[in-house]
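Observations on the model geometry
The primary structure of each chain is shown beneath.
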Amino acid sequence: MGLVYKKLEKIGRSMYLYFPEQERRTAFKRCSITILRDGEDEASVRFFLDELGMQKLAEEQEIILSFPNPENGRWNYDFSGETDDLTAFHDFQDAMTKEDDKPLATRPNGIPTYEAMLSVWHPMNDTRYLVGTGSGAHMVCTLAACVAENIAAFFAVGGRLCEEARYQAVNAAVPAFLVDSDRKTQNYFNVVNETEWKETADQITVTRNKRNPSQCVMNSENMQLSKELVNRVWEELFSVTRRTNTSVYGDVEPKPDMKKAGFELYLDDDRLEEKVKVKHTWFVHVPSGVKDGTSGRVPLMLFFHGGSDNPEEAAQMSRFHELGEKEGFITVYPWGTDRTQWNSFLAPDGADDIGYTVALIQYMKEHYPVDPERVYLSGFSNGAGQAQAVAMLHPELIAAICHIDSNWPGIRNGASELTEQDKYLFGLAMEKKKEYDYRMPVWYTYGSREISYPIYYHCSQQHQYDFWKAYNHIRIEETPDLSKPDPSGCGVPGQIQQRIRPSARHPEHYYDVQRFYSDEEHPVNLYNLAMMHDKGHEVADKDPELGWNYVKQFRRLPDGSLKIVSNE
């Protein structure tokens, strides 16, 4: 694609964009770097692309580069002019997905159409980085202080944080690489990153947070802006840092090294073609302790990506494979058949993603040391819907599920009745139970900054948990109306309620867990709603572990029954 000049008619601004010379939609994650410089012409962009080697970096690392143009050769970092660069920054970020300024076509629920998804690039929100020189260096400091939720990390050459920016700052951690910065600016970012210990190497002093080393400030004096320095910023800061939507201003997290993880990549593979008539892509991670063949048969976890996402994005988001390395289970990250979303709602003109998943599970059983009694499903958003749909239609294959942030069934936002497609899927699930009265253990995670919080009557969350309660013979109680929601925010309190703080890296994170038990002679905990405080539409660092710790106790026996290995 190369370099593109783009006008943003809505705000009367312009920018340059550099897109890698690659397909728009691949199985691999794209991040973005926004460069704020004082120039407004292509020559100023070429300096970064050619002299600083950023074009080569973009091609090698699949990075989208954004070069917003300042007004009159200066960024309004100190709020002294009339230009509102803080607001414009959001527009520039949103504009990175495509070359033109035309709005995307959307479905009635607001989600882009299939064709629209295929037409755009997909830089992920958790890996957005900033670079600044000249007044742009001051501006990236201002942005990191005032709109931290949009920035994973930044690099500023000569940047200084003005007093007005300090006044408007949200005081949230943002990792920084500062060259020739003043003491006040260094102090501010050390304070918000809560850095405690210091190390020095090759002209750079690094201070880090002991609890969360990704929260850091790198500082140097008298270093020349060069290709070598840009590469060092990438290697030592940007490539290892991400920002998740798990608090009001986001949280700094380590970015997994996908190359070191040792994935087996099945790209456009025809191994399942005989059963599902089309090639597919999926990533497999086998723990090092399983590869030697001495561990026997081990559990299998499939994690389904969210709408418009891909396998690498799912892997970085959930990090289930890292948990699998510790716990000894195989992880699979499949890519939806149409490469945009899962046809979890069984649209008749959509792909057979249920058949694809069943065929993939069978393939894994035949070619890897998978224990057929310990197959588990998880997924995020649209992928959480896929996990549920597979469990509903093929409970004989699945021991338990631990899905995350599913705004399904019904409409995504607001009260609604079930759609005909929802009723059809639920009907198929209950029809399957006539063969055998299956139970499906569920651990479900949601966030208090999601669109259906607090949970209320006829929202998607109520439809979802009432189905699983009915399925698992759990007594259903009426969910309150939105005008008077339950104080727990979880719709209906569980028979057992817990508040847990599982994250050492983020001790402020907490979950309110509602546990529900089957209404039988020997009650079993078969449905759990874990509500994470302040989490948006995101996978938090402990979401997968909490889900795994619950589901791993269940086995699906050949006759369809469940075996519980250990009670919590």
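Residues numbered from 1 in each chain as written. Predicted model: local features only at pLDDT ≥ 70, side-chain atom pairs only at ≥ 80, totals over all residues. Heavy atoms only, no water.

- Under an unreviewed UniProt entry, the name given to the protein chain is Esterase, and the source organism is Roseburia intestinalis.

**Concerning the overall build of the protein chain**
- When its secondary structure is counted, the protein chain shows 18 helices and 24 strands.
- Since a compact globule built from 568 residues should have a radius of gyration of about 24 Å, the 25 Å found for the protein chain is in line with a globular shape.
- Along the longest, intermediate and shortest principal axes, the C-alpha atoms of the protein chain span 70 × 50 × 50 Å.
- Within the span of the protein chain, comprising 568 residues, buried residues form 60% of the whole.
- Nonlocal contacts in the protein chain, meaning residues at least 24 apart in sequence, comprise 66% of its contacts between residues at least 6 apart. (Helix = DSSP H or I, 4+ residues; strand = E, 2+ residues; numbered from the N terminus. Rg over C-alpha atoms; globule rule 2.2 N^0.38 Å. Buried < 20%, exposed > 50% of the residue type's maximum accessible area, 1.4 Å probe, protein only. Contact = heavy atoms within 4.5 Å.)

**Concerning helix α17 (residues 460-471)**
- Taking 1.5 Å of rise per residue, 12 residues should cover 16 Å, and α17 covers 17 Å from first to last C-alpha, within 8% of that figure.
- If you check which residues of α17 are buried, you get Ser 460, Gln 461, Gln 462, His 463, Gln 464, Tyr 465, Asp 466, Phe 467, Trp 468, Lys 469 and Tyr 471.
- The elements touched by buried residues of α17 are α15 (382-393), β18 (400-401), α16 (420-432), β19 (442-447), β21 (511-517) and β22 (525-532).
- Trailing α17 by a residue or two, His 473 shows a phi angle of about 60 degrees, which is positive. (Expected span 1.5 Å × (residues − 1).)

**Notes on the environment of Trp 121**
- Relative to the assigned elements, Trp 121 resides in the loop between α4 (114-119) and β5 (123-132).
- Considering only alpha carbons, one finds Trp 121 and Phe 19, 102 residues apart in sequence, at a separation of 8.5 Å.
- Those residues in contact with Trp 121 that sit more than four places away from it in its chain are Met 1, Phe 19, Pro 20, Gln 22, Glu 23, Arg 24, Arg 30, Ile 64, Thr 97 and Glu 99.

**Looking at the side chain of Ser 14**
- For Ser 14, the location among the structural elements is in strand β2 (residues 13-19).
- Taking relative accessible area as the criterion, Ser 14 reaches 14% and is therefore assigned buried.
- Within the structure, Ser 14 has its side chain in polar contact with the side chain of Asn 69 (distance 2.9 Å).
- What Ser 14 contacts, discounting residues up to four positions off in sequence, is Tyr 5, Lys 6, Lys 7, Pro 68, Asn 69 and Phe 92. (Polar contact = N/O pair within 3.5 Å; in protein donor to acceptor, adjacent residues only side chain to side chain.)

**A closer look at the domain arrangement of the protein chain**
- Its domain assignment divides the protein chain into domain 1 (3-254) and domain 2 (264-564).
- When each unit is reduced to the centre of its C-alpha atoms, the spacing between domain 1 and domain 2 is 34 Å.
- Contact with domain 1, which involves 26 residues of that partner, is made by 36 residues of domain 2.
- Both sides together, the interface formed by domain 1 and domain 2 hides about 2600 Å², and carbon and sulfur atoms give 52% of it. (Domains from an automatic or database assignment. Buried area = accessible area lost by both parts, 1.4 Å probe.)

**A few points about the packing of helix α13 (residues 320-327) against helix α18 (residues 543-551)**
- Two elements in contact, α13 and α18, have axes separated by 10 Å at closest approach and are oriented at 45 degrees. It follows from the interaxial angle that α13 and α18 lie oblique. Seen from above, α13 lies across α18 with right-handed handedness. Of α18, the residues touching α13 (which contributes Phe 320, Leu 323 and Glu 327) are Pro 544, Glu 545 and Trp 548.
- In terms of residue class, the contact of α13 with α18 is made up of four nonpolar, no polar and two charged. (Axes fitted to C-alpha atoms, helices over the stretch in contact; angles between N-to-C directions. Parallel < 35°, antiparallel > 145°, perpendicular 65-115°, else oblique. Left-handed = near helix turned anticlockwise from the far one by under 90°. Nonpolar A, V, L, I, M, F, W, Y, C, P; charged D, E, K, R; others polar.)

**What about the pairing of β22?**
- Burial analysis of β22 places eight of its eight residues in the buried class, the great majority of the element.
- Sheet analysis places β19 next to β22, joined by six bridges and oriented parallel. Looking across to β22, one finds that Thr 445 is bridged to Ala 530.
- Bridge count for β21 against β22 is seven bridges, and the pairing is antiparallel. Opposite Asp 512, over in β22, you have Met 531 as the bridge partner. (Pairing = 2+ DSSP bridges.)

**Comments concerning the pattern of salt bridges**
- Per the stated rule, a full pass over the model turns up 35 salt bridges.
- When the shortest N-O distance is used, the salt bridge between Asp 126 and Arg 242 registers 2.6 Å. Taken together, the residues span a long stretch of sequence, with Asp 126 in strand β5 and Arg 242 in strand β11 (residues 241-244) at a distance of 116 residues. There is no split in this pair, since Asp 126 and Arg 242 are both buried.
- Shared partners join several salt bridges into a network, and the residues in it are Lys 433, Asp 437, Arg 439 and Glu 520. (Salt bridge = Lys/Arg side-chain N within 4 Å of Asp/Glu carboxyl O.)

**As for the packing of aromatic side chains**
- Counted according to the given criterion, the structure contains 33 aromatic pairs.
- Measuring from centroid to centroid gives 5.5 Å for Phe 47 and Phe 48, while their planes differ by 85 degrees, and the two rings are edge-to-face.
- The buried category is assigned to Phe 48, whose relative accessible area is 4%.
- Members of the aromatic cluster, each reached through a chain of ring pairs, are Phe 28, Phe 263, Phe 283, Phe 303, Phe 320, Phe 329, Tyr 333, Tyr 376 and Trp 548.
- If you follow Lys 433 out to its NZ or CZ, it ends over the ring of Tyr 471, 4.2 Å from the centre.
- Across the ring face of Tyr 465, the terminal group of Lys 469 is positioned such that the distance to the ring centre comes to 4.2 Å. (Phe/Tyr/Trp six-rings, centres within 6.5 Å; stacked < 30°, edge-to-face > 60°. Lys NZ or Arg CZ within 6 Å of the ring centre and 35° of its normal.)

**Points about the side chain of Thr 445**
- Note that Thr 445 resides in strand β19.
- Thr 445 has contacts with His 403, Ile 404, Asp 405, Tyr 511, Ala 530, Lys 535 and Asp 543, leaving out every residue within four places of it along the chain.

**Here we look at the environment of Phe 154**
- Looking at where Phe 154 falls in the secondary structure, it is placed in strand β6 (residues 153-157).
- Phe 154 sits in the buried class, given a relative accessible area of 0%.
- For Phe 154 and Tyr 129, which are 25 residues apart along the polypeptide, the C-alpha to C-alpha distance reads 5.6 Å.
- Residue contacts for Phe 154: discarding those within four places in its chain leaves Leu 130, Val 140, Cys 141, Ala 144, Val 174, Pro 175, Ala 176, Phe 177, Leu 178, Phe 189, Leu 237 and Phe 238.

**As for unusual backbone geometry**
- Following Trp 408, the chain continues into Pro 409 via a peptide bond in cis, with omega recorded as 5 degrees.
- Structurally, Pro 409 is set in the loop between β18 and α16.
- Here the phi dihedral of Phe 79 falls at roughly 65 degrees; this positive angle occurs in a residue that is not glycine.
- Note on placement: Phe 79 falls in the loop between β4 (63-68) and α3 (85-94).
- A positive phi is found at Asp 268, a non-glycine position, where the angle reads about 45 degrees.

**A short note on the environment of Arg 412**
- Within the fold, Arg 412 resides in the loop between β18 and α16.
- Judged by relative accessible area, Arg 412 falls into the partly exposed class, the value being 29%.

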